[in-house]
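The primary structure of each chain is shown beneath.
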Amino acid sequence: MASSTGLDKLLGRDMPEIAYLKSTNISQVLSKGLAETFRVKPTDPKTYFAKFLLNYAHEKKIEGLVSALASFSSYNITLGIYREKKDN
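Residues numbered from 1 in each chain as written. Predicted model: local features only at pLDDT ≥ 70, side-chain atom pairs only at ≥ 80, totals over all residues. Heavy atoms only, no water.

## As for the overall build of the chain
Broken down by element type, the chain carries four helices and zero strands. Reading the chain from its N end, one meets helices and strands in the order α-α-α-α. Here the chain holds 88 residues, and 7% of them are scored as buried. Accessible area of the chain: about 7,700 Å², with a carbon and sulfur share of 63%. (Helix = DSSP H or I, 4+ residues; strand = E, 2+ residues; numbered from the N terminus. Buried < 20%, exposed > 50% of the residue type's maximum accessible area, 1.4 Å probe, protein only. Areas by Shrake-Rupley, 256 points an atom, 1.4 Å probe, with all protein chains shown as cover.)

## Some remarks on the confidence of the model for the chain
Considering every residue of the chain, the mean pLDDT works out to 77; 67% of them sit at 70 or more. The element-level mean pLDDT for the chain is lowest in helix α1 (residues 6-11), coming to 68, with helix α3 (residues 26-40) highest at 92. (pLDDT = per-residue confidence, 0-100.)

## Let's talk about the packing of aromatic side chains
Scanning all chains against the criterion turns up zero aromatic pairs. Seen from the ring of F38, K41 lies directly overhead, with NZ or CZ sitting 3.7 Å from the centre. (Phe/Tyr/Trp six-rings, centres within 6.5 Å; stacked < 30°, edge-to-face > 60°. Lys NZ or Arg CZ within 6 Å of the ring centre and 35° of its normal.)

## What about unusual backbone geometry?
We note that K41 has phi near 55 degrees; this positive angle belongs to a residue other than glycine. Position of K41 among the secondary structure elements: in the loop between α3 and α4 (45-87). Taking the relative accessible area as the measure of exposure, K41 reaches 55% and is therefore exposed.

## Notes on a nonpolar patch on the surface
A cluster of nonpolar side chains, Y20, L21 and I26, forms an exposed patch at the surface whose accessible area comes to about 260 Å². Inspection of the secondary structure assignment puts L21 in helix α2 (residues 16-23). (Patch = residues over 30% accessible without salt bridge, like charges linked within 9 Å, V, L, I, M, F, W, Y side chains within 5 Å. Salt bridge = Lys/Arg side-chain N within 4 Å of Asp/Glu carboxyl O.)

## Observations concerning α3
Between its terminal C-alpha atoms α3 stretches 21 Å, which fits the 21 Å expected from 15 residues at 1.5 Å a residue. Among the residues of α3, V29, G33 and T37 are the ones counted as buried. For α3, the buried positions fall inside an angular range of 65 degrees around the axis, keeping them on one side. Those residues of α3 that are exposed and aimed more than 90 degrees away from the buried face are Q28, K32, L34, F38 and R39. Looking one or two places after α3, you find K41, whose phi comes out positive at around 55 degrees. (Expected span 1.5 Å × (residues − 1). Arc of directions from axis to C-beta.)

Structure, rendered in structure tokens:
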């Protein structure tokens, strides 16, 4: 096997940290947050970026709850139809 080249190191091919970031969506979240921070150019970029990340996490939690609620509602509707058929 060939040894790592400078290009491999530059592209992060031999770095487990880079591989981890590429395997998750965290790099997309970080990129969006940094791009938004750059676009807005707030006076306190660290706080703005931190709030962006917290807001993103909050939105994802809400999406998960809404999805779970929708699944639960669908289950209850199905259960109600089943009970109606059973009673008839």
